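Each chain, written out:
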Amino acid sequence: MNGSRIAAVGHYQPARVLTNEELAGMVDTSDEWITSRVGIRTRHIAGPDEPVDELAAHAAAKALATAGLAPADIDLVLVATSTAIDRSPNMAARVAARIGIPSPAAIDINVVCAGFTHALATADHAVRAGAATRALVIGADKMSDVTDWSDRTTCVLVGDGAGAAVVEASGEAHIGPVLWGSVPEMGHAVRIEGQPARFAQEGQSVYRWATTQLPAIARRACERAGLAPEDLAGVVLHQANLRIIEPLAAKLGAVNAVVARDVSESGNTSAASIPLALSKLVEQGRITTGDPVLLFGFGGNLSYAGQVVRCP
C-alpha cells in the first residue's frame with residue numbers, strides 16, 4: 001500500500017440548541033447583530049455531564065459503524081482538541097476506553113481550530129509508513145467550557161461538537177499531501193488561557209490574516225494534490241464565521257465546489273468544525289464517493305493545515 005484513504009466519517013452534536021434570541025437575553029446583542037457579523041443562527045451546547053471525550057466517542061462510534069468496523073480493528077487513536085480539562089488520561093485514551101479499543105496508540109493533538117487537519121495528516125503519515133493499520137481521527141471540542149458568557153464578542157461564536165474519520169491503507173493516495181505551518185509571533189491573536197481558562201481573540205487581526213494570507217496557502221494545498229481549485233467538488237474550511245468562510249472560498253476560486261457553511265447552525269466548534277461539516281455534507285449527499293474535497297483548518301496559534309481528500 002502506498003497511500004491512505006478516509007473509509008468513513010461520523011459526527012455528533014449535543015441535543016441542547018442555543019439560539020440567538022436566547023443569547024440576546026444573556027448579553028447585549030441581537031439576532032440581527034449576530035447574523036450580520038458572523039452568520040451564526042444557532043449552536044449546540046453540551047451539558048455539565050457531557051465531557052469532551054463523550055462527544056468524541058459518539059462521533060467515533062458512528063464513523064466505525066459506517067465503515068463496518070469493530071473497535072478492535074483500530075490501532076491508532078488521534079484526538080484533536082484544545083478543551084481537555086484534565087491532562088491524563090488524555091482524550092484519545094478516554095475515547096478508546098469508552099468504545100472498547102483494546103490497545104491503540106493514543107495521542108492528543110492541540111492545534112486548536114486546525115487540529116483535525118493536522119491529526120488527519122499525522123494519521124496519513126502513520127498508515128503510509130506502516131506504523132498503523134487503521135486510525136481513528138477525531139476533532140472534538142467543548143468550547144462552552146472555556147467561554148465567558150458575559151462577553152458578547154466571543155460567546156456568540158462558539159458551539160460544542162465532534163466529528164470523526166476512519167483512515168486506512170489504500171492502493172492509491174486518497175489523502176493528499178498536507179500543507180501546514182503557522183505564524184507563531186501572532187499566536188496571541190487567538191487564546192485559551194488563564195485560570196479558569198477562557199477563550200479570547202483579536203477578531204480583526206484574525207479576519208485580516210484569514211482573508212488576505214490564507215487563500216494563496218489554500219491554493220498551494222490544491223497544487224500539492226495536483227488539482228486546480230476549479231477541480232474541487234467540495235471545500236470544507238474551518239467554520240470560524242461566514243465573514244471569513246465566504247471571502248476565503250471566493251478568493252480560492254473553487255467555482256464548482258459545494259462550500260460548507262455549517263457554522264450557521266453549529267457555531268465555531270474549533271477542532272470539531274471540519275469533520276463535523278464534512279460528515280454532514282456526506283450524509284446529505286451533497287458530495288459523493290470519490291469527489292475531491294479541500295479540507296483547510298486555520299486559527300489558534302495562527303496555525304493552518306490543508307489537504308485534498310477523496311470523499312468516502
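The structure we're discussing is the one just above.
These numbers come from a predicted model, not from an experiment. (Residues numbered from 1 in each chain as written. Predicted model: local features only at pLDDT ≥ 70, side-chain atom pairs only at ≥ 80, totals over all residues. Heavy atoms only, no water.)

Along the backbone of the protein chain there are eleven helices and 14 strands. In summary, the protein chain has a C-alpha radius of gyration of 18 Å against a globular reference of 20 Å for 312 residues, a match within 12%. For the C-alpha atoms alone, the extent of the protein chain along its principal axes is close to 55 × 45 × 40 Å. Relative to its 312 residues, the protein chain shows a buried fraction of 58%. When contacts within the protein chain are restricted to residue pairs at least 6 apart in sequence, those whose partners lie at least 24 apart make up 76%. Counting 25 positive and 32 negative side-chain charges, the protein chain places the averaged centre of each group 4 Å from the other. (Helix = DSSP H or I, 4+ residues; strand = E, 2+ residues; numbered from the N terminus. Rg over C-alpha atoms; globule rule 2.2 N^0.38 Å. Buried < 20%, exposed > 50% of the residue type's maximum accessible area, 1.4 Å probe, protein only. Contact = heavy atoms within 4.5 Å. Lys, Arg positive; Asp, Glu negative; His and termini not counted. Charge placed at Lys NZ, Arg CZ, Asp CG, Glu CD.)

On the secondary structure map, Thr42 appears in strand β3 (residues 42-44). Beyond its immediate sequence surroundings of up to four residues, Thr42 is in contact with Val17, Leu18, Thr19, Val263, Ser264, Glu265, Ser266 and Gly267.

Our next topic: helix α9 (residues 242-252). Structurally, the α-helix is built with 3.6 residues per turn, so residues lying three or four positions apart point the same way. Every buried residue belonging to α9 is among Leu242, Ile244, Ile245, Leu248, Ala249 and Leu252, and all of these are buried. Mapping the buried residues of α9 onto a view down its axis gives an arc of 160°, with all of them on the same face. (Arc of directions from axis to C-beta.)

The next thing to look at is the pairing of strand β1 (residues 3-12). Across the ten residues of β1, seven count as buried, placing the element largely inside the fold. With nine bridges connecting them, β1 and strand β7 (residues 160-170) associate as antiparallel partners. When the sheet's bridge partners are listed, Ala8 is paired in β7 with Val166. (Pairing = 2+ DSSP bridges.)

Our next topic: the state of the cysteines. Chemically, a disulfide is nothing more than a covalent bond linking the sulfur atoms of two cysteines. Enumeration over the complete set of coordinates arrives at zero disulfides. For the unlinked cysteine Cys155, the closest cysteine sulfur is that of Cys113, found at 17 Å. Of the cysteine sulfurs around Cys222, a residue in no disulfide, the closest is that of Cys311, at 16 Å. Taking the relative accessible area as the measure of exposure, Cys222 reaches 0% and is therefore buried. (Disulfide = S-S within 2.5 Å.)

Another point: the packing of aromatic side chains. Inspection of every chain in the model, using the stated rule, returns one aromatic pair. Plain terms: the ring middles of Phe296 and Phe298 are 6.2 Å apart, the flat faces sit at 40° to each other, and that makes the pair tilted. Both residues of the pair, Phe296 and Phe298, count as buried. Taking the ring centre of Trp33 as reference, the NZ or CZ of Arg152 above it sits at 4.5 Å. Looking at Arg243, its charged tip hangs above the ring of Tyr207, at a distance of 5.3 Å from the centre. (Phe/Tyr/Trp six-rings, centres within 6.5 Å; stacked < 30°, edge-to-face > 60°. Lys NZ or Arg CZ within 6 Å of the ring centre and 35° of its normal.)

What follows is about the sheet that holds strand β13 (residues 292-299). Sheet architecture is open: five strands sit in the order β8-β14-β13-β11-β12, paired in mixed fashion. Two strands bound the open sheet, and with one partner strand each, they are β8 (179-182) and β12 (258-259). Here strand β11 (residues 234-237) pairs with β12 via two bridges, running parallel. What sits directly across from Val235, in β12, is Val259.

Next up on the list: the nonpolar core. Of all hydrophobic cores here, the largest spans 47 residues; its most connected members are Leu214, Leu232, Leu294, Phe296 and Phe298. Only α2 (31-38), α7 (203-212), α8 (214-224), β11, α9, β13 and β14 (303-310) provide two or more residues apiece to this core. The element best represented in this core is α9, accounting for six residues. The residues touching Leu294, leaving out its near neighbours within four places in the chain, are Ala218, Ala221, Cys222, Leu232, Gly234, Val235, Val236, Leu252, Gln307 and Val308. One finds Ala271, Ile274, Ile287 and Val293 within the second-largest nonpolar core, a separate group that totals 33 residues. (Core = buried A, V, L, I, M, F, W, Y, C linked by side-chain atoms within 4.5 Å.)

Before going further, it helps to examine the pattern of salt bridges. Taken as a whole and assessed by the stated rule, the structure comprises 13 salt bridges. Linking Glu168 and Arg5 is a salt bridge whose minimum nitrogen-to-oxygen distance equals 2.6 Å. With Glu168 in strand β7 and Arg5 in strand β1, the pair connects residues that are 163 residues apart, well separated along the chain. Relative accessible area serves as the criterion here: at 30%, Arg5 is assigned to the partly exposed category. Across the salt bridge formed by Glu202 and Arg191, the nearest N and O atoms sit 3.8 Å from each other. Of this pair, Glu202 sits in the loop between β10 (198-201) and α7 while Arg191 sits in strand β9 (residues 190-193), placing them eleven residues apart in sequence. Residue Arg191 is classed as partly exposed on the basis of its relative accessible area, which comes to 25%. One network of salt bridges, in which partners are shared, links Arg5, Arg134 and Glu168. (Salt bridge = Lys/Arg side-chain N within 4 Å of Asp/Glu carboxyl O.)

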